[in-house]
Amino acid sequence: AYTAHHETIYSLCVPCHTDGAGSNLLEQAVNVLQEWASAALLTEADIEAEKKIVLEEWREGLGREQRMLDHYYAKAFPGCRHACRQPIGKMDILQACSAKRIRDFYEDH
């Protein structure tokens, strides 16, 4: 999966066979997509683990390329939230956000 300013894209590669062996895999893949879309459990442990993953992804993105991108966004989107906030979000907000608030957002949207 990846997230851009206006979308999050999930990719699930499913092998399909013409001999019918892949039909069960396709059904399982559709079930996974359904869970991602509307039935995620969002347990406290899962959310805390995902926060650590996002924090590490943010750390990996620090550096010269990100500074150049930040400068570009400031020029390309003056006065717009895109100019100062990347899709990964702000780490202070991520760390302070409770699991309940995340679940509430998920259920509302």
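Overview of the side chain of Gln 86
Argument step 1. By secondary structure assignment, the location of Gln 86 is in the loop between helix 3 (64-76) and helix 4 (91-96).
Argument step 2. Judged by its relative accessible area of 19%, Gln 86 is buried.
Argument step 3. Polar contacts involving the side chain of Gln 86 include one to the side chain of Asp 70, which spans 3.5 Å.
Argument step 4. If we ignore the near neighbours within four places in the chain, the residues touching Gln 86 are His 5, Gln 66, Leu 69, Asp 70 and Tyr 73.

Some remarks on the side chain of His 82
Argument step 1. Counting through the fold element by element, His 82 comes out in the loop between helix 3 and helix 4.
Argument step 2. A relative accessible area of 17% means that His 82 is categorised as buried.
Argument step 3. At 3.3 Å, the side chain of His 82 forms a polar contact with the side chain of His 6.
Argument step 4. Those residues within four positions of His 82 in sequence are excluded, and the remaining contacts are His 5, His 6, Tyr 73 and Phe 77.

A closer look at the pattern of salt bridges
Argument step 1. Under the counting rule described, the total for this entry stands at three salt bridges.
Argument step 2. Its salt-bridge partner being Glu 56, residue Arg 59 comes within 3.3 Å of it at the nearest N-O pair. Of this pair, Arg 59 and Glu 56 both sit in helix 2 (residues 44-61), three residues apart, which is roughly one turn of that helix.
Argument step 3. Salt-bridge contacts for Lys 100 lead to Asp 104; the nearest nitrogen and oxygen are separated by 2.8 Å. On the criterion of helical spacing, the pair formed by Lys 100 and Asp 104 is a turn pair, its members being four residues apart in helix 5 (residues 99-108).
Argument step 4. Among the residues examined, Asp 104 registers a relative accessible area of 29% and is labelled partly exposed.

Section: a nonpolar patch on the surface
Argument step 1. There is a patch of nonpolar side chains on the surface, built from Tyr 10, Leu 12, Val 32, Leu 33 and Trp 36 and spanning about 450 Å² of accessible area.
Argument step 2. Looking at the element boundaries, Leu 33 is found in helix 1 (residues 23-39).

Section: unusual backbone geometry
Argument step 1. With phi around 55 degrees, Leu 42 is a residue other than glycine that occupies positive phi space.
Argument step 2. Structurally, the position occupied by Leu 42 is in the loop between helix 1 and helix 2.

Observations concerning the state of the cysteines
Argument step 1. This structure, assessed with the given rule, holds zero disulfides.
Argument step 2. In this model Cys 84 remains outside any disulfide bridge; the closest cysteine sulfur is found in Cys 80, 8.3 Å from its own.
Argument step 3. A relative accessible area of 56% means that Cys 84 is categorised as exposed.

Cut-offs applied
Residues numbered from 1 in each chain as written. Predicted model: local features only at pLDDT ≥ 70, side-chain atom pairs only at ≥ 80, totals over all residues. Heavy atoms only, no water. Helix = DSSP H or I, 4+ residues; strand = E, 2+ residues; numbered from the N terminus. Buried < 20%, exposed > 50% of the residue type's maximum accessible area, 1.4 Å probe, protein only. Polar contact = N/O pair within 3.5 Å; in protein donor to acceptor, adjacent residues only side chain to side chain. Contact = heavy atoms within 4.5 Å. Salt bridge = Lys/Arg side-chain N within 4 Å of Asp/Glu carboxyl O. Patch = residues over 30% accessible without salt bridge, like charges linked within 9 Å, V, L, I, M, F, W, Y side chains within 5 Å. Areas by Shrake-Rupley, 256 points an atom, 1.4 Å probe, with all protein chains shown as cover. Disulfide = S-S within 2.5 Å.

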